[in-house]
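Analysis of the macromolecular model
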Amino acid sequence: MHVVGAITTSVPGAGSEPDLVELVKSAKVVPLRAAAPLAATEEPEPPLLYAPRRKIYPQSVQGTYRRIKWIVLAVTLAIYYLLPFVRWDRGQYAPNQAVLIDFPSRRFYFFFIEIWPQEVYYLTGLLILAAVTLFLMNAVAGRVWCGYLCPQTVWTDLFCAVERLVEGDRRQHMRRDAGPWTAEKVARKGAKHFFWLMIAWWTGGAWVLYFADAPTLVMELATGRAPLIAYAWIGILTGTTYFLAGHMREQVCTYMCPWPRIQAALTDEHALNVTYRHDRGEPRGSIKKNEQARAKGERAGDCIDCLQCVHVCPTGVDIRNGLQLDCIQCGLCIDACDAIMRKIGRPTRLIGYDTDVNIERRQAGKPEVFRIVRTRTVLYSGILAAVGAIMIYALATRSTLGISVIHDRNPVYVRLADGGIRNAYTVRVLNKWRDTHFFTLTVEGVPEPDAGLEVVGDSTGMVGRPVIEVGPDQTREVRALVTLHRLSYQDSLPIAFRIVEPESGAQASAADHFRAPH
Amino acid sequence: MATDPHPQIDAITGTPTTGHEWDGLRELNTPLPRWWLWIFYATIIWAIGYWIVYPSWPLVSSYTSGLFGWKSRQAIVEDLAALKAQRAGMTDRIAAASLDQIVADPAMLAFARAQGRAAFADNCAPCHGSGGGGAKGYPNLNDDEWLWGGKLADLELTIRHGIRSTDDKTRVGSMPAFGRDNMLPRADIVAAADFTRSLAGLPAAPDADLGRGRRVFAENCAACHGDDGKGKRELGAPDLTDAIWLYGSDRRAIVEGLWNGRGGVMPAFAGRLDDTTIKALAVYVHTFGGGEK
């Protein structure tokens, strides 16, 4: 396998060296290892510091992968634009939007899940799942994310489609760009940018709907009564979408995104990648030349050098140079090549999802192997299952009340006039119910049954069993005091605070310590 | 990393290499995209604009003040005013309420405790400790012994006017220097110290003369500390029978107090802190746990 990119590597795997050399020779370039230092007399031209961008005119294409990409595009955009309007009944005291990030109330709603700020570790779990899913996708079929699912790819694809609709397909577009500025050219360019800005504007518009009640906000936006922050974010998202999908396009993938680099380090010889089967394609040549060679019984490749694979590529790479950093593996070159192969009566999938191992095996006359179950895929799946299980367990056993305790740091303990020792704690009680509840606080693990437990400011509870009132969907912090008199303890005694909601019997506890002088 | 002084042309891409090599991998000297250069220029232009609009360059005795005269000091003043306005509702309620009303209302109590915590850290913590834990000579505010009383009103009075302070209404009381001022002979002082320890149930030294100590105590100490040693709050005279000792309970510390006298000073905060802050401090200290009803 070899990888070409901003940092070029030439990594011949064990046993694949002759193939690489053959490939490189057939591509009419000199292998890197043979490159001798240039003699002093032929100093190279000083390298360019800055290069202008090469404009890419991706040609339209039909085929299996194009169809998959259209479907993915439609589904992902539909989810993005319509999800804020999906309703989910949570009773009268909570918003009924299925997915809502409620910053003022500090809540995140996702269908049946409601995340409080202190439960942000669920986000950590989600990020772990997302990262490992990316690794798994990569181990199975390369940059599936980049080629089909990444927002940059989806929106760029949409913008390219609009561009082709307004300015024509590759040839027409190139010819017009090279030609003089006519009224028609100005009109077409203007129309294109107008449509792009409209799409970008809708993208920003949908974004803000995730942060407020969508139907209300739409009405406010339409009547000009929405908060300034909403307009500001629509403006920002309009700008980023317009520039990233309309103007930056493949530059985002090539220069800005770290994933191609990470992916290059994670891939292996069994991963399915969009591959030019050079064992079948080389030596390339015109149809006629190759047919003549075949007639003479000489070796001739299937590649007729038509460059269709290059013309349809949204990042402008030549897949025949092998797996490379700029290639997002969208599979459009597969569709383009298949169309040509059908026309010239050769088998399709000269370019296809394939592995480095299979190229070697075919060359050695061995059957192809596809090993989806490998150490890394098993490992990634295992991690996914474990993290997923932990998260589901945590979600399922999540309680509707909570307690957290902090021991006073200064003073750690207080000696009272009668010789008793008192410890003070800050107790925070969480009430996730939608109405006011009363919680009984008790302390456990103290050896004195008459252990004085009191809550500062509490006038409702019984002695030793203070009652704490917490409003709907709120937390309340109280100061709790524990006093002990028989000081036979060493300097630390493990204790626990427990709150009980008497109506439902729901309870929660938090562990801490009682500290006494040595 | 090895550095090759002779840059090569990479065979596959046709791009020159930088001459850096890692285990046979050579780094390509790929040119930066031109749009990156434009962004770089744009940041330079932005910086120049920033110099013009905001204060930036130091001059000999001043600085360039910027087009609109923006000042960070002014911004802080505005922020503080906005904060004060935002808190005005609760501040006004606390100003109008009595201390007992504040403690009885959960919302006012929470607000006063938060305000008190901040004011305590700024004004009280240097002597009393960040949690009011006290130190030798500086009372622990968490316990249940109070030299001058532990009710909300007592605390407020102490904070407002101080103890042995320069304030007209300050709390005053004095422990005489019996030894230094030649009021009692050394043997009487040691005997009184031993007797004082016995009041709190602390073990007596082998050479203690408790009878003499009782007599000395009755004649010299009981006037302020009471016949039974339980103290008198109106004079700030501590209870000598309990487990709390401001300067320590060992014989040496008590003899030292009798010899040199004691008289810690707490400054008056009236005039230094506003009324609501003093109220909040009283509530905060009261809720440490030792506050009396």
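Residues numbered from 1 in each chain as written. Chains lettered and ligands numbered in written order. Predicted model: local features only at pLDDT ≥ 70, side-chain atom pairs only at ≥ 80, totals over all residues.

1. Examining the overall build of chain A
Of the regular secondary structure elements, chain A holds 17 helices and 15 strands. Counting only contacts in chain A whose residues sit at least 6 apart along the sequence, the fraction spanning at least 24 positions is 68%. (Helix = DSSP H or I, 4+ residues; strand = E, 2+ residues; numbered from the N terminus. Contact = placed C-beta atoms within 7 Å.)

2. Here's the deal with the overall build of chain B
Secondary structure summary: chain B contains ten helices and four strands in total. Going from the N terminus to the C terminus, chain B shows its helices and strands as β-β-β-β-α-α-α-α-α-α-α-α-α-α. Relative to its length of 293 residues, chain B is extended, with a C-alpha radius of gyration of 34 Å against a globular reference of 19 Å. Projecting the C-alpha coordinates of chain B onto the three principal axes gives extents of approximately 110 × 55 × 45 Å. Across chain B, contacts joining residues at least 24 apart in sequence account for 55% of those joining residues at least 6 apart. (Rg over C-alpha atoms; globule rule 2.2 N^0.38 Å.)

3. Considerations on the packing of helix H2 (residues 72-96) of chain B against helix H4 (residues 106-123) of chain B
Residues and elements named next belong to chain B. Running from amino to carboxyl end, H2 crosses H4 at an angle of 100°, the nearest separation of the two axes being 10 Å. By the angle between their directions, the pair H2 and H4 is classed as roughly perpendicular. Within the contact between the two elements, H2 uses Met90, Arg93 and Ile94 and H4 uses Met108, Phe111 and Ala112. Partitioned by chemical class, the residues of the contact of H2 with H4 number five nonpolar, no polar and one charged. (Axes fitted to C-alpha atoms, helices over the stretch in contact; angles between N-to-C directions. Parallel < 35°, antiparallel > 145°, perpendicular 65-115°, else oblique. Nonpolar A, V, L, I, M, F, W, Y, C, P; charged D, E, K, R; others polar.)

4. Quick notes on the domain arrangement of chain A
Residues and elements named next belong to chain A. What the domain assignment lists for chain A is domain 1 (17-52 + 268-363), domain 2 (64-124 + 148-262) and domain 3 (401-515). Opposite the twelve residues of domain 1 that make contact, domain 2 presents 13 residues. The biggest single contributor to the side of domain 1 that touches domain 2 is helix H15 (residues 332-343), with three residues. Classifying every residue of the side of domain 1 that touches domain 2 by side-chain character gives six nonpolar, four polar and two charged. (Domains from an automatic or database assignment.)

5. Quick word on the confidence of the model for chain B
On average, chain B scores 92 in pLDDT, and the residues at 70 or more come to 98%. The ipTM value of the predicted complex is 0.78, and its pTM value is 0.74. (pLDDT = per-residue confidence, 0-100.)

6. Points about the packing of helix H7 (residues 186-199) of chain B against helix H8 (residues 210-225) of chain B
All names here are of chain B. Running from N to C, H7 and H8 cross one another at 95°; their axes reach a closest spacing of 7 Å. Accordingly, the angle class assigned to the pair H7 and H8 is roughly perpendicular. Packed against H7, whose contacting residues are Asp188, Ala191, Ala192, Asp194, Phe195 and Ser198, the element H8 presents Leu210, Arg212, Gly213, Arg214, Val216, Phe217 and Cys221 at the interface. Grouping the constituent residues of the contact of H7 with H8 by class yields seven nonpolar, two polar and four charged.

7. Considering the domain arrangement of chain B
All names here are of chain B. For chain B, the domain assignment lists domain 1 (74-169 + 266-286) and domain 2 (186-260). Its C-alpha centre places domain 1 at a distance of 33 Å from the equivalent point of domain 2. With nine residues of domain 1 at the contact, the number on the domain 2 side is nine residues. Class assignment of the residues belonging to the side of domain 1 that touches domain 2 gives a composition of four nonpolar, two polar and three charged.

8. Considering the environment of A:Lys189
Residue and element names in this part refer to chain A. Within the element layout of this structure, lysine 189 appears in helix H7 (residues 183-208). What makes lysine 189 partly exposed here is the crowd of 16 C-beta atoms within 10 Å. Along the chain, lysine 189 and proline 314 lie 125 residues apart, while their C-alpha atoms are 20 Å from each other. (Buried ≥ 20, exposed ≤ 12 C-beta atoms within 10 Å, placed from the backbone.)

9. A few points about the sheet that holds strand S14 (residues 492-500) of chain A
Where strands meet in a sheet, backbone hydrogen bonds hold them as pairs that are either parallel or antiparallel. Residue and element names in this part refer to chain A. A sheet is described by the order of its strands in space; here four strands give the open sequence S12-S10-S14-S15, paired in antiparallel fashion. Looking at strand neighbours, the two that pair on one side only are strand S12 (467-470) and strand S15 (507-515), the edges of this open sheet. In this sheet, adjacent strand axes meet at a mean angle of 30° when their direction is disregarded. Where strand S10 (residues 437-444) and S12 come together, four bridges link them in antiparallel fashion. The residue bridging histidine 437 from the neighbouring strand is valine 470, located in S12. (Pairing = 2+ DSSP bridges.)

10. Concerning H7(B)
Residue and element names in this part refer to chain B. Compared with the 20 Å implied by 1.5 Å per residue over 14 residues, the 20 Å span of H7 between its first and last C-alpha is a close match. If you check which residues of H7 are buried, you get Asp188, Ile189, Val190, Ala191, Ala192, Ala193, Asp194, Phe195, Thr196 and Arg197. Of the surrounding secondary structure, the elements contacted by the buried residues of H7 are H8 and helix H9 (251-260). Looking one or two places after H7, you find glycine 201, whose phi comes out positive at around 80°. (Expected span 1.5 Å × (residues − 1).)

11. Some remarks on the pairing of strand S3 (residues 107-110) of chain A
Residues and elements named next belong to chain A. With four bridges joining them, strand S2 (residues 99-102) and S3 adopt antiparallel strand pairing. Looking at S3, one finds that isoleucine 101 is bridged to phenylalanine 108. In textbook terms, the turn of a hairpin is the stretch between consecutive antiparallel strands, and for S2 and S3 this stretch comprises four residues, one of which, arginine 106, has a positive phi near 55°. When S3 meets strand S4 (residues 113-115), the two strands line up antiparallel, connected through three bridges. The partner of phenylalanine 110 across the bridge, within S4, is isoleucine 113. The antiparallel pairing of S3 with S4 creates a hairpin that spans two residues between the two strands, and phenylalanine 111 there sits at a positive phi of about 50°.

12. Let's talk about the pairing of strand S2 (residues 17-22) of chain B
Sheet faces and side chains relate simply in a regular strand, where the side chains alternate between the two faces. All names here are of chain B. One ladder, built from three bridges, connects S2 with strand S3 (residues 25-28); its direction is antiparallel. The partner of threonine 17 across the bridge, within S3, is leucine 28. Where S2 folds back on S3, the antiparallel hairpin that results is connected by two residues, among which aspartate 23 adopts a positive phi of roughly 45°.

13. Looking at the nonpolar core
All names here are of chain A. Membership of the largest hydrophobic core comes to 34 residues, with the highest contact counts inside it found for Cys309, Ile319, Leu332, Cys333 and Ile351. At five residues, H15 tops the list of elements feeding residues into this core. Composition of this core by domain shows at least three residues from each of domain 1 (17-52 + 268-363) and domain 2 (64-124 + 148-262). Aside from chain neighbours lying at most four places away, what touches isoleucine 319 is Val274, Tyr276, Cys309, Cys327, Cys333 and Ile351. (Core = buried A, V, L, I, M, F, W, Y, C linked by C-beta atoms within 7 Å.)

14. Comments concerning the sheet that holds S4(A)
Residues and elements named next belong to chain A. Strand order in the open sheet made by the three strands is S2-S3-S4, with antiparallel pairing throughout. Every interior strand has two partners, whereas the edge strands, S2 and S4, have only one. With direction set aside, neighbouring strand axes in the sheet form an average angle of 10°.

15. Describing H15(A)
Residues and elements named next belong to chain A. Helix length check: H15, at twelve residues, gives a terminal C-alpha distance of 17 Å against a target of 16 Å (1.5 Å per residue), a fit within 8%. All buried positions along H15 are accounted for by Leu332, Cys333, Ile334, Asp335, Ala336, Cys337 and Asp338. Looking at the packing, one finds that the buried side of H15 touches helix H2 (64-82), strand S5 (273-276), helix H14 (308-311) and strand S6 (351-354).

16. Re unusual backbone geometry
Residues and elements named next belong to chain A. The omega torsion across glutamate 282 and proline 283 is -5°, close enough to zero to call that bond cis. Its place among the elements puts proline 283 in the loop between helix H12 (278-281) and helix H13 (287-295). Residues asparagine 410 and proline 411 are joined by a peptide bond in cis, for which omega reads -5°. Inspection of the secondary structure puts proline 411 in the loop between strand S7 (401-407) and strand S8 (414-415). A positive phi is found at phenylalanine 111, a non-glycine position, where the angle reads about 50°. Locating phenylalanine 111 in the fold gives a position in the loop between S3 and S4. Its 10 C-beta neighbours within 10 Å are what place phenylalanine 111 among the exposed residues.

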